[in-house]
Amino acid sequence: MNKKQFEELKEEIVLYPDSILHQKCEKHVMFGDGLKVITDDMFEKMKKFRGVGLAAPQIGLSETFFVVNVTGKPDGNMVFVNPVVTPVGKMVEGLEGCLSFPDISVLCKRAKKCIIKYLDVSGELKELETSGLLARVIQHENDHINGVTIDSRMTLTDKVMNKKMLQFLEKIAKEAEKIGV
Ligand code: ZN
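Residues numbered from 1 in each chain as written. Predicted model: local features only at pLDDT ≥ 70, side-chain atom pairs only at ≥ 80, totals over all residues. Heavy atoms only, no water.

This brings us to the pattern of salt bridges. Going through the model one piece at a time under the given rule, you end up with 12 salt bridges. The closest approach of N and O atoms between Arg 110 and Asp 143, which form a salt bridge, is 3.0 Å. Of the two residues, Arg 110 sits in strand β4 (residues 105–119) while Asp 143 sits in helix α3 (residues 132–145), which places them 33 residues apart along the sequence. This pair shows no difference in class: Arg 110 is buried, exactly as Asp 143 is. Between Asp 120 and Lys 126 there is a salt bridge; the shortest N-O distance is 2.9 Å. Taking relative accessible area as the criterion, Lys 126 reaches 31% and is therefore assigned partly exposed. Via salt bridges that share partners, Lys 4, Glu 8, Glu 12, Asp 41, Lys 45 and Lys 48 belong to a single interconnected network. (Salt bridge = Lys/Arg side-chain N within 4 Å of Asp/Glu carboxyl O. Helix = DSSP H or I, 4+ residues; strand = E, 2+ residues; numbered from the N terminus. Buried < 20%, exposed > 50% of the residue type's maximum accessible area, 1.4 Å probe, protein only.)

Right, dumping it as structure tokens:
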């Protein structure tokens, strides 16, 4: 990621080590048009920065919802509100990135499949059983609304490998604090 891309990302996405990313979110209660405006904006940000999922705390809202799109097409947009995720089957390793951790990737173990019970954007109860990339992204985003981010899933090797970037993000956050932004 170049400097310009990083500056844009920093304006629109909450980055590590912001404390909101490490808080358990409050249950979300607003549905319909109000929520649609917020999630449409999240889909736009996600597309702009080439993410496949974005959780509410990553845009500064400590509430239990997230958006996912693993196809990159408009009909692939999915909104999950107040989800209950049940991992199913064996654990598989896969490389994960996160828009709040630019240029960092971590090998994470996730269940191959999962069942998710959730409310959609209009508050309707839904259930989905899925596997593959979608199951992985759902588990990653569900971590976010529980205040869990990929740094807590890093092994010692991951921490050493990503040390420079983590320290850079910590430094930027400290400087922003100093000038009060
Ligand atoms: Zn993430």
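For the rest of this paragraph, the subject is the nonpolar core. One finds Ile 13, Leu 54, Val 67, Phe 101, Ile 104 and Ile 150 to be the most contacted residues of the largest nonpolar core, which totals 28 residues. Broken down by secondary-structure element, the contributors of at least two residues to this core are α1 (3–12), α2 (33–48), β2 (65–68), β3 (78–97), β4 and α5 (163–178). Looking at this core, the element that brings in the most residues is α2, giving four residues. Residues within four places of Ile 104 in sequence aside, it is in contact with Glu 96, Gly 97, Cys 98, Ile 150, Met 154, Asn 162, Met 165 and Leu 166. By size, the runner-up hydrophobic cluster in this structure holds 14 residues, among which are Phe 80, Tyr 118, Ile 138 and Ile 145. (Core = buried A, V, L, I, M, F, W, Y, C linked by side-chain atoms within 4.5 Å. Contact = heavy atoms within 4.5 Å.)

Applying the stated criterion to the full structure yields zero disulfides. Cys 25 takes part in no disulfide bond, and the closest cysteine sulfur, belonging to Cys 98, lies 13 Å away. The cysteine Cys 108 is free of any disulfide, with Cys 98 supplying the nearest cysteine sulfur at 9.7 Å. In this structure Cys 108 comes out as buried when scored by relative accessible area, which is 1%. (Disulfide = S-S within 2.5 Å.)

This part covers the sheet that holds strand β1 (residues 53–55). Strands belonging to one sheet form pairs held by backbone hydrogen bonds; the direction of such a pair is parallel or antiparallel. On the basis of which strands lie adjacent, the open sheet formed by five strands has the order β1-β2-β3-β4-β5 and antiparallel pairing. Whereas interior strands pair on both sides, the edge strands pair on one side only; in this sheet they are β1 and β5 (125–131). In this sheet, adjacent strand axes meet at a mean angle of 35° when their direction is disregarded. With four bridges connecting them, β2 and β3 associate as antiparallel partners. Considered in β3, the bridge of Val 67 is made with Val 79. Here α2 sits on the sheet and contacts β1, β2 and β3; the angle it forms with β2, its principal contact strand, is near 45°. (Pairing = 2+ DSSP bridges. Axes fitted to C-alpha atoms, helices over the stretch in contact; angles between N-to-C directions.)

Next up on the list: the environment of His 144. Here His 144 lies in helix α3. For His 144, a relative accessible area of 1% translates into the label buried. Sequence separation between His 144 and Phe 31 is 113 residues, and the spatial gap between their C-alpha atoms is 20 Å. Filtering out sequence-adjacent residues up to four positions away, His 144 remains in contact with Leu 21, Gln 23, Cys 25, Ala 55, Pro 57, Gln 58, Cys 98 and Thr 149.

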